[in-house]
Amino acid sequence: MTFIPLFFALPLAAAFIIPILGKIAKSIIWIFVTLVSFTLFILALYGVAVTQQFPMIVYEMGNWPPPLGIVMAFDSLSAFMVLVISILVFSGSIFSWRYMSHYTGTWKFYTLYMLITAGMMGVSITGDLFNMFVFLEIAAISSYALVAFGVDAEELEASFKYMVMGEVGGLTFLLSIALLYAKTSTLNLADMANTLQVVGQTPFFWLVLGMMLLAFSIKAAFVPFHSWLPDAHPAAPAPISSLLSGIFIKVLGMYTTARLVFNVFGLSRGNAPVFFNVLIGLGLLSIAFAGITALNQKDYKRLLGYSSVSQVGYIMLGFGIGNFYGVAGAIFYILAHALGKGLLFLTSGSVVNATGTRDITKLAGVGENMSTTAWSFRFGSMSLIGLPPLVGFFAKYFIVLGALKAGFWWLAIVAIGLSVLTLGYLLKIENNVFMKKGRTKANKAPFTMRVAMVFLVVLIVLFGVGFQQIIDFLVGPAANALLRGVEYANLVFGSVGVSF
Amino acid sequence: MKGMSLIVRTITTVIIGFIFIYGIYITLHGHLTPGGGFAGGVIVAGALILRILVFGSEPADEKKSEIRTSIFESVGALLFIGIALAGLVIAGTFFLNFLPKGIPFNLLSAGIIPFCNIAIGIKVGAGLFSIFLALAAVKYVVKD
Amino acid sequence: MIIFLSCIILFLIGLYAIVTKRNLIKIVIGFALIEYAINLLFALVGFRRGMLAPIITRVDMAHKFVDPIPQALVLTAIVIALGTTALMLTVALRIYSRYKTFDIAEIRKLKG
């Protein structure tokens, strides 16, 4: 039980040890960060194992009981998110050793890297609304700084744009917290769920929910609010692009939306069909619009950025369908997209590191020497497009299955049809960069970069082949945690003081 | 950065120590009176910023104090996390107030809270000062 | 009620600055205004007429306080706002050092 606060205490402590290490011994910073991320990975695996037996672990900070003090509510969904975060943080930290070697002030990079990790971990395990806001802002502020890390003109501009959009989202979230506190006089998520059940679906309820949806749509980059992402994610260093696109937008946008809508506001397709149709609409709009825009891009990372906007739409689609298969598919898609898009951004980093350009028209011939990068790209793309037996196929399969079970047969057809867009823009990179013969000379990617990429490829194949186990032990319990609805509150209050 | 006129310098020499002491007072009495680590740290940082604004500084000096400040900042944050983790290690709960609470309204009371305030005071003082130094450093970039 | 209205007006002024102003520094000021509006709202949410400030000065004091939690939240929000404002100003100054202007219309290097 004592391991729960370590998820955010460990990276926070590491973040502030790094500046001191930077003065004494610069060379061991990378080893230190990798060790911390590996420890987090092991802790996350342990957390998943523990949640098999205990569906909810409540950790009282400073022994203050739930409605008064801040609690950490660690359930299957939190365990799932923490595991995905730690996988990407680990692979990113391995990758960043050689990639960051030509930047100055790498200790600043690693400090921010650990802070962003702590923020995301905190958002996924907290059981308190304001605490969620604080962790969300820790992660967001670190990400603004990381996007501007290269201090080139474009990076600064992208960072400022991102900051303006992101802060509008963050402040909207804060405003909705103020309104919710005025109505319910509590900040604890479980207590708030109980109080909101009494309030009922009044206009006030929908106003606050709408504001939260707006805030999280900005953070998750759904289509009317997506314009910052294709600038910000490519501007960051590649390990950070991988982290931001892979998991950051999902923790700050998708996880928070799902947790609040299902567990706190207590909505389901049964009692609020219109709201869930809005979610489906948002999802479809993102998939179609960003997918078509991605087809016209010439910049390697910018294309992947638009692709992220498009893929996030599938996750919202799954949540919008709202039955078990839809929600499980959405959660599975978080895993699949985190691994796939994380891997694709790492390959972009490897290519940029070797050639110094991101323009795909100038990269022909890179694939000859960089075979590991090329094959990693192929595996990541195949997973995202949805070819069996890779993990992306099963994620998409579950969403389509959910749509069919809910009676939206047209939605199933559209969702399958729109994955042609994914095929289109990923083939564009494949054709122009890795297949085409050309004169661009590139050296083999450094060993640690290849290790990071192969690590993710292995996971993509492994999670795809063993999808039944993933559903049984990881995704299924997480989906049930969401579909439990406001039972969440009783579970939190019932698990206080349960130790093991 | 250029300094200011003789009048400002003389007055600052007199009061800067008092400002500093006042910041420390606010930090140490955070658990008894309004204030605490954040407010105290801001006042301390104010004294440090005032010194640079009034007496001026060389780029090399600013660089040196930036390095020193970042170490102080890390130490403050580590102290705070150390107190929280001490609760986990000694008494088994993160952030547990494991020290004796003492008599209310005594300076040594309220368990770990005064120590948290000191850690926050160091962190905020150093943090604000380093923000000032970072913003001040941009002017050298702008010039060339 | 009128004071809640002032909160909304402050919020809208901030939003106006962010949406319409072309100067980076004015955009940052717009954010500061929105933050003040939300902090004011928090303080108003916790206010009860005729109650004292939540400061205990004697052991045997009657507990007739306004709600202290929103005030704690405001403090935390101020710290976060400090961080974002500082970062925004630093980035704005860095942009100035590259382009020699604060006007966003002249620094459009990125498209859409």
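The following refers to the structure shown. The structure displayed is predicted, hence computed values, not measured ones. (Residues numbered from 1 in each chain as written. Chains lettered and ligands numbered in written order. Predicted model: local features only at pLDDT ≥ 70, side-chain atom pairs only at ≥ 80, totals over all residues. Heavy atoms only, no water.)

Here we look at the nonpolar core
- One finds A:Phe173 and A:Phe265 to be the most contacted residues of the largest nonpolar core, which totals 248 residues.
- Element by element, the count of residues in this core is highest for helix α13 (residues 324-355) of chain A, at 17 residues.
- Contacts of A:Phe173, omitting those with residues within four sequence positions, involve A:Leu129, A:Met132, A:Phe133, A:Leu136, A:Met212, A:Ala215, A:Phe216 and A:Leu260.
- Ranked by size, the runner-up nonpolar core spans five residues in total, among them B:Ile49, B:Ile52, B:Phe129 and B:Leu133. (Core = buried A, V, L, I, M, F, W, Y, C linked by side-chain atoms within 4.5 Å. Buried < 20%, exposed > 50% of the residue type's maximum accessible area, 1.4 Å probe, protein only. Helix = DSSP H or I, 4+ residues; strand = E, 2+ residues; numbered from the N terminus. Contact = heavy atoms within 4.5 Å.)

Observations regarding empty space enclosed by the protein
- One pass over the full model with this rule turns up five cavities of 30 Å³ or more.
- Reported here for the largest cavity is a volume of approximately 80 Å³.
- Lining the largest cavity are A:Phe133, A:Glu137, A:Glu167, A:Gly170, A:Leu171, A:Leu174, C:Glu35, C:Asn39, C:Ala77, C:Ile80, C:Ala81 and C:Thr84.
- Within the residue set of the lining of the largest cavity, elements represented by two or more residues are α5 (129-147) and α6 (153-184) of chain A together with α2 (24-45) and α3 (68-99) of chain C.
- Looking at the lining of the largest cavity residue by residue, the classes come out as six nonpolar, three polar and three charged. (1 Å grid on protein atoms, 1.4 Å probe; cavity = no way out; pocket = protein on both sides within 12 Å on 5 of 7 lines; lining within 4 Å. Points joined across faces, edges and corners; volume = space filled by probe spheres on them. Nonpolar A, V, L, I, M, F, W, Y, C, P; charged D, E, K, R; others polar.)

Focus: the pattern of salt bridges
Residues and elements named next belong to chain A.
- One pass over the structure, following the stated rule, counts seven salt bridges over all chains.
- Arg302 is the salt-bridge partner of Asp231, the closest N and O atoms lying 2.8 Å from each other. Separated by 71 residues along the polypeptide, Asp231 in helix α9 (residues 229-235) and Arg302 in helix α12 (residues 300-321) bring together distant segments of the chain.
- With relative accessibility at 3%, the residue Asp231 sits in the buried group. (Salt bridge = Lys/Arg side-chain N within 4 Å of Asp/Glu carboxyl O.)

Things to note about the packing of aromatic side chains
Residues and elements named next belong to chain A.
- Counted according to the given criterion, the structure contains 46 aromatic pairs over all chains.
- Ring centres of Phe130 and Phe133 lie 5.6 Å apart, and the angle between their planes is 40 degrees; this geometry places the pair in the tilted category. Of this pair, Phe130 and Phe133 both sit in helix α5, separated by three residues, roughly a single helical turn. Each member of the pair, Phe130 together with Phe133, is buried.
- Here the basic side chain of Arg378 rests over the ring of Trp375, its NZ or CZ set 4.8 Å away from the ring centre.
- Sitting over the ring of Tyr314, Lys396 keeps its end group 4.9 Å from the ring centre. (Phe/Tyr/Trp six-rings, centres within 6.5 Å; stacked < 30°, edge-to-face > 60°. Lys NZ or Arg CZ within 6 Å of the ring centre and 35° of its normal.)

Focus: the interface of chain C and chain A
- Taken residue by residue, the interface counts 34 residues in chain C and 34 residues in chain A.
- Contact between chain C and chain A buries roughly 3,100 Å² in total, counting both sides, with carbon and sulfur atoms accounting for 80%.
- At the boundary of chain C and chain A, one finds zero salt bridges.
- At the boundary of chain C and chain A, one finds three residue pairs in polar contact (both at pLDDT 80 or more). (Buried area = accessible area lost by both parts, 1.4 Å probe. Polar contact = N/O pair within 3.5 Å; in protein donor to acceptor, adjacent residues only side chain to side chain.)

Considerations on the interface of chain B and chain C
- Of the residues lining the interface, twelve residues belong to chain B; the matching set on chain C comes to 15 residues.
- Regarding the contact of chain B and chain C, the summed buried area is about 1,100 Å², with carbon and sulfur atoms giving 84% of it.
- Put simply, chain B and chain C have zero salt bridges between them.
- Taken together, the links from chain B to chain C amount to zero residue pairs in polar contact (both at pLDDT 80 or more).
- For the side of chain B that touches chain C, the leading source of residues is helix α4 (residues 113-143) of chain B, giving six residues.
- Taken together, the residues that form the side of chain B that touches chain C break down as eleven nonpolar, no polar and one charged.

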